[in-house]
Amino acid sequence: MQKPTAKLIATFFYSGLLKPAPGTWGSLAALPMAWLLHFIGGPVLLTGATIVAYYLGLKATESYTAGSENHDPGEVVIDEVVGMWITLFPVSFGAVLMGADILALYPGWIVGFFAFRFFDITKFGPIGTADQRGDATGVMMDDVYAGVAAAITVIVAAYGAHAFMM
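Cut-offs applied
- Residues numbered from 1 in each chain as written.
- Predicted model: local features only at pLDDT ≥ 70, side-chain atom pairs only at ≥ 80, totals over all residues.
- Heavy atoms only, no water.
- Buried < 20%, exposed > 50% of the residue type's maximum accessible area, 1.4 Å probe, protein only.
- Helix = DSSP H or I, 4+ residues; strand = E, 2+ residues; numbered from the N terminus.
- Arc of directions from axis to C-beta.
- Contact = heavy atoms within 4.5 Å.
- Axes fitted to C-alpha atoms, helices over the stretch in contact; angles between N-to-C directions.
- Parallel < 35°, antiparallel > 145°, perpendicular 65-115°, else oblique.
- Left-handed = near helix turned anticlockwise from the far one by under 90°.
- Nonpolar A, V, L, I, M, F, W, Y, C, P; charged D, E, K, R; others polar.
- Core = buried A, V, L, I, M, F, W, Y, C linked by side-chain atoms within 4.5 Å.
- Salt bridge = Lys/Arg side-chain N within 4 Å of Asp/Glu carboxyl O.

Colleague: How should I be thinking about helix α4 (residues 89-98) in this particular structure?
Modeller: Residues lying three or four places apart along an α-helix face the same way, a consequence of the helix completing one turn every 3.6 residues. Looking only at α4, the buried set comprises Val91, Ser92, Gly94 and Ala95. Along the long axis of α4, the arc covered by the buried residues comes to 165°, so they all point the same way. Next to the buried residues of α4 lie α2 (22-65), α5 (106-122) and α7 (136-164). Glycine 99 sits one or two positions beyond α4 and adopts a positive phi of about 65°.

Colleague: Hey, could you run me through the packing of α5 against α7 in this one?
Modeller: Each packed pair of helices is defined by two parameters, the angle between the axes and the distance between the axes. One way to put it is that α5 packs onto α7 with a least axis distance of 8 Å and a crossing angle of 140°. Accordingly, the angle class assigned to the pair α5 and α7 is oblique. Crossing handedness for the pair α5 and α7: right-handed. On α7, the residues that touch Gly108, Val111, Gly112, Ala115, Phe116, Phe119 and Asp120 of α5 are Asp142, Asp143, Ala146, Gly147, Ala149, Ala150, Thr153, Val154 and Ala157. Residues of the contact of α5 with α7, tallied by class, amount to nine nonpolar, four polar and three charged.

Colleague: It is not clear to me how the nonpolar core should be interpreted in this structure. Could you clarify?
Modeller: Nonpolar side chains in soluble globular proteins generally cluster together in the buried interior. If you look at the biggest cluster of nonpolar residues, it comprises 42 residues, and the most contacted ones within it are Tyr54, Ile78, Val82, Met84, Trp85, Leu88 and Trp109. Put simply, the parts of the chain that give this core at least two residues each are α1 (3-10), α2, α3 (78-87), α4, α5, α6 (126-131) and α7. The element best represented in this core is α2, accounting for 11 residues. The residues touching tryptophan 85, leaving out its near neighbours within four places in the chain, are Phe12, Ala30, Met33, Ala34, Leu37, Leu46, Ala49, Thr50 and Ala53.

Colleague: Looking at this model, I keep getting lost on α1. Mind explaining?
Modeller: Among all positions in α1, only Ala6, Ile9 and Ala10 are buried. Burial along α1 is one-sided: seen end-on, the buried residues are contained in an arc of 95°. Residues of α1 that are buried make contact with α2 and α3. Phi for phenylalanine 12, located one or two positions after α1, is positive at around 45°.

Colleague: Sorry if this is basic, but what is going on with the pattern of salt bridges here?
Modeller: Between side chains of opposite charge, pairing is possible as soon as their charged atoms come close. Following the criterion strictly, the structure yields five salt bridges and no others. Between arginine 133 and aspartate 135 there is a salt bridge, with the nearest N and O atoms lying 2.8 Å from each other. Under the relative-accessibility criterion, aspartate 135 is labelled partly exposed at 27%. Within the structure, one salt-bridge network assembled from shared partners comprises Arg117, Asp120, Lys123 and Asp142.

Colleague: Quick question: what am I supposed to make of the packing of α3 against α7 here?
Modeller: Here α3 crosses α7 at 25°, and the two axes come no closer than 7 Å. With respect to each other, α3 and α7 are oriented roughly parallel. The crossing of α3 and α7 is right-handed. Every residue of α7 that contacts α3 at Ile78, Asp79, Glu80, Val82, Gly83, Ile86 and Thr87 is listed here: Val139, Met140, Asp142, Asp143, Val144, Gly147, Val148, Ala150, Ala151 and Val154. Partitioned by chemical class, the residues of the contact of α3 with α7 number 10 nonpolar, three polar and four charged.

Put into structure tokens, the structure is as follows:
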């Protein structure tokens, strides 16, 4: 992969170059794209795009960090995008199952964003283990695991909201 293309993908259209906290900016940049993907093709397109983004992100991260001692520079945020999209799977599927506008499920977006950032920053359990690999797979997988943990948090929060508040 050419270095300019790798940079474009790895930084998710340069959102990872924003300071401070490029991971947070990358996670925020993932939100409107997730909405667009859901709007166009529902959870099936969001899931497919997540798989494609994972593989493109893996290759872009490998290329972008080639020859560098730093395997996970802050500006590489495609991993946050993948993790954030995974986080939003329950929101996307829930909107379709309930026949609701995905934007009406904004509490899920908010809980998901903060849960994902929490798990991505703290790196509990397998999230931290993946991060310690020291390669592009570790860069991508720690956010996949953080996304799964955050998606579970979204499901639990939605259950709690519907069971105890309605």
